[in-house]
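# Examining the three-dimensional arrangement
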Amino acid sequence: MITVGIESSCDDTAIAVLDDYRILANIVSSQNDIHERFGGIVPELASRTHMACIGVIFDQALQKAGVEKKDLSLVAATRGPGLIGSLLVGFSYAKALSYALDIPFVGVDHMTGHILSAFLESEKPDFPYIALIVSGGTSALYRADSFFDFTLLGRTRDDAAGEAFDKVARLLGLTYPGGPAVSREAEEGRPDQLRLPRAWLEENSLDFSFSGLKTAVLNHCNKCRMKNKEVNTAAVCASFQEAVVEVLVEKTIKAATTQDIRTIVIGGGVAANQHLRASMQKRCREKELDLYLPAPGLCTDNAAMIAFSGMKLFKKGVTGSLNDDVFSRSVLGC
Ligand code: KG4
């Protein structure tokens, strides 16, 4: 079954073509150069840019996949959560394709895509598993019991992990998006040079909180500036990254232990972070847990995960209607 997936929930225009589980094309057009000078995403610019390039990306994806419009059997598009203007571009494009080509379409929750992205790799996890999903818009822990059955175990009470990376990068004068910039700087610094707080919250809580950590970095920078001392950017980045990663890893291990689950999957843009990947690998080895790490390009926003999730929904009997609307908050609780 040839499925075309469309993802436009935030600032990336992504289109993928899948033949069941096999990725034939997976194209992501980044808007980073447009939003960089603002230090964050400008929603109106994001939707206008999606409008300008979605048709071109669609043609590129078909060409890369070596298929024609007549070969497509299903169109799947992100329905939410995300920026409404951005979502509307991809979702409306999907409906128009479905109508014009007379093929079914299905709306997909973006979080489902991240939770299932590990199935796009050759080694596939078994259910049940714990999914840590960490991106610019959310940080959450789920229990996945099937392709359709997810239970939210914990989520951020304030900033998402990626949002904290982006905000810390901005206050240190680093480039946008902040995650890759902070992690590059962190390679030159020592994580123990600056002691930053970890928000463990209540004893059994699997929720996250990163705003206090971000404020601690801001206070440290302000203190340095008041004393006319230069901020050691590398040390701040290494210490900040360490604090985020430690909490993400330990809460994920705790989720697996309390749920008595032996398999862990991670996804979302922050899952591309090499320190997080290495720390999670180390702790899973120690605890004898199976870890599935999708390639970084399948962790950050992509349409392959949307096509895959849509295909699974369709095979279960779910189809969309031209009356369906987009949503800004996930039905999965984030
Ligand atoms: O999942 P994603 O591509 O988009 C959504 O938020 O939906 O995630 C983007 C987020 C940004 O906040 C970015 O700074 C962060 O993921 N990110 C990283 C890394 N690469 C991307 N954070 C830490 N380390 C990275 N290597």
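It should be emphasised that the depicted structure is a prediction, and the values quoted were computed from it without experimental measurement. (Residues numbered from 1 in each chain as written. Predicted model: local features only at pLDDT ≥ 70, side-chain atom pairs only at ≥ 80, totals over all residues. Heavy atoms only, no water.)

It is worth spelling out the overall build of the protein at this point. The helix and strand tally for the protein stands at 11 helices and 10 strands. On C-alpha atoms alone, the protein measures out to a radius of gyration of 20 Å, which is about the 20 Å that the 2.2 N^0.38 rule sets for 334 residues. Of all 334 residues assigned to the protein, the portion counted as buried reaches 54%. Considering only contacts within the protein whose residues lie at least 6 apart along the sequence, 73% involve residues at least 24 apart. Total accessible area on the protein is roughly 14500 Å²; 48% of this is exposed by carbon and sulfur atoms. (Helix = DSSP H or I, 4+ residues; strand = E, 2+ residues; numbered from the N terminus. Rg over C-alpha atoms; globule rule 2.2 N^0.38 Å. Buried < 20%, exposed > 50% of the residue type's maximum accessible area, 1.4 Å probe, protein only. Contact = heavy atoms within 4.5 Å. Areas by Shrake-Rupley, 256 points an atom, 1.4 Å probe, with all protein chains shown as cover.)

Our next topic: the environment of Gly-189. As for its position among the elements, Gly-189 is in the loop between α6 (178–186) and α7 (211–226). Judged by its relative accessible area of 17%, Gly-189 is buried. Sequence-wise, Gly-189 and Ser-239 are 50 residues apart; in three dimensions their C-alpha atoms are separated by 8.0 Å. Discounting chain neighbours no more than four positions away, the residues touching Gly-189 are Ala-234, Ala-235 and Ala-238.

Quick look at unusual backbone geometry now. A cis geometry characterises the amide bond from Gly-80 onward to Pro-81, with omega recorded as -10°. By secondary structure assignment, the location of Pro-81 is in the loop between β4 (74–80) and α3 (84–101). Look at the link from Phe-127 to Pro-128: it is a cis peptide, with omega at -5°. For Pro-128, the location among the structural elements is in the loop between α4 (110–116) and β6 (129–134). With phi around 55°, Asp-102 is a residue other than glycine that occupies positive phi space.

The mixed open sheet is built from 5 strands, whose spatial order is β8-β7-β6-β9-β10. The open sheet has two edge strands, β8 (150–155) and β10 (290–292), and neither has a second partner. Each strand of the sheet is rotated relative to its neighbour by a mean of 25°, with strand direction disregarded. Here β6 pairs with strand β7 (residues 139–144) via 6 bridges, running antiparallel. (Pairing = 2+ DSSP bridges. Axes fitted to C-alpha atoms, helices over the stretch in contact; angles between N-to-C directions.)

Now for α3. When the terminal C-alpha atoms of α3 are compared, their 25 Å separation across 18 residues agrees well with the 26 Å that a helix rising 1.5 Å per residue should span. Those residues of α3 lying buried are Ser-86, Leu-87, Val-89, Gly-90, Phe-91, Ala-94, Lys-95, Leu-97 and Ser-98. Those residues of α3 hidden inside the fold are in contact with β1 (2–7), α2 (43–65), β4 and β5 (105–109). A positive backbone phi angle near 55° is found at Asp-102, which sits one or two residues after α3. (Expected span 1.5 Å × (residues − 1).)

All right, on to helix α8 (residues 233–259) then. With 27 residues, α8 should cover 39 Å at 1.5 Å per step; its first-to-last C-alpha distance of 39 Å lies within 8% of that length. Within α8, 19 of the 27 residues are buried, leaving the element largely enclosed by the surrounding structure. Among the residues trailing α8, Asp-260 stands out with phi positive, at a value near 55°.

Within the structure shown, the criterion is met by 15 salt bridges. Asp-192 serves as the salt-bridge partner of Arg-190, at 3.0 Å between the closest nitrogen and oxygen. Linking Lys-282 and Glu-286 is a salt bridge whose minimum nitrogen-to-oxygen distance equals 3.3 Å. Here Glu-286 and Lys-282 lie together in helix α9 (residues 274–287), a separation of 4 residues that amounts to about one turn. Look at Glu-286 and you get partly exposed, because its relative accessible area is 46%. When salt bridges with common partners are traced through the structure, they connect Asp-159, Glu-163, Lys-167 and Lys-214 into a single cluster. (Salt bridge = Lys/Arg side-chain N within 4 Å of Asp/Glu carboxyl O.)

In the vicinity of the ligand there are 19 residues, among which Gly-136, Asp-166, Gly-179, Gly-269 and Asp-301 approach most closely. Separating an oxygen atom of the ligand from a backbone N or O atom of Gly-269 is a distance of 2.9 Å. Its free accessible area being 550 Å², the ligand has 88% of it covered by the protein chains. Of all elements in the fold, only α4, α5 (161–171) and α6 reach the threshold of two or more residues within the shell around the ligand. In terms of residue class, the shell around the ligand is built from 5 nonpolar, 12 polar and 2 charged. (Near = heavy atom within 4 Å. Polar contact = N/O pair within 3.5 Å; in protein donor to acceptor, adjacent residues only side chain to side chain. Nonpolar A, V, L, I, M, F, W, Y, C, P; charged D, E, K, R; others polar.)

Turning our attention to the nonpolar core. One broad rule of soluble globular proteins: the nonpolar side chains tend to lie buried together. Among the nonpolar cores identified, the biggest contains 46 residues, and Phe-240, Leu-248 and Leu-276 are the most heavily contacted of them. For this core, the elements supplying multiple residues, two or more each, are β6, α5, α6, α7, α8, β9 (263–267) and α9. Residues in contact with Leu-276, not counting those within four places in the same chain, are Val-134, Val-245, Leu-248, Val-249, Ile-266, Val-270 and Ala-271. (Core = buried A, V, L, I, M, F, W, Y, C linked by side-chain atoms within 4.5 Å.)

This next bit is on the packing of aromatic side chains. As enumerated under the stated definition, the model contains 13 aromatic pairs in all. Both rings, one in Phe-119 and one in Phe-147, keep their centres 4.8 Å apart while their planes meet at 55°; by these two values the pair is tilted. Remark: Phe-147 occurs in the loop between β7 and β8 and Phe-119 occurs in the loop between α4 and β6; sequence separation between them is 28 residues. Judged by its relative accessible area of 4%, Phe-119 falls in the buried class. What makes Phe-147 buried here is its relative accessible area of 16%. (Phe/Tyr/Trp six-rings, centres within 6.5 Å; stacked < 30°, edge-to-face > 60°.)

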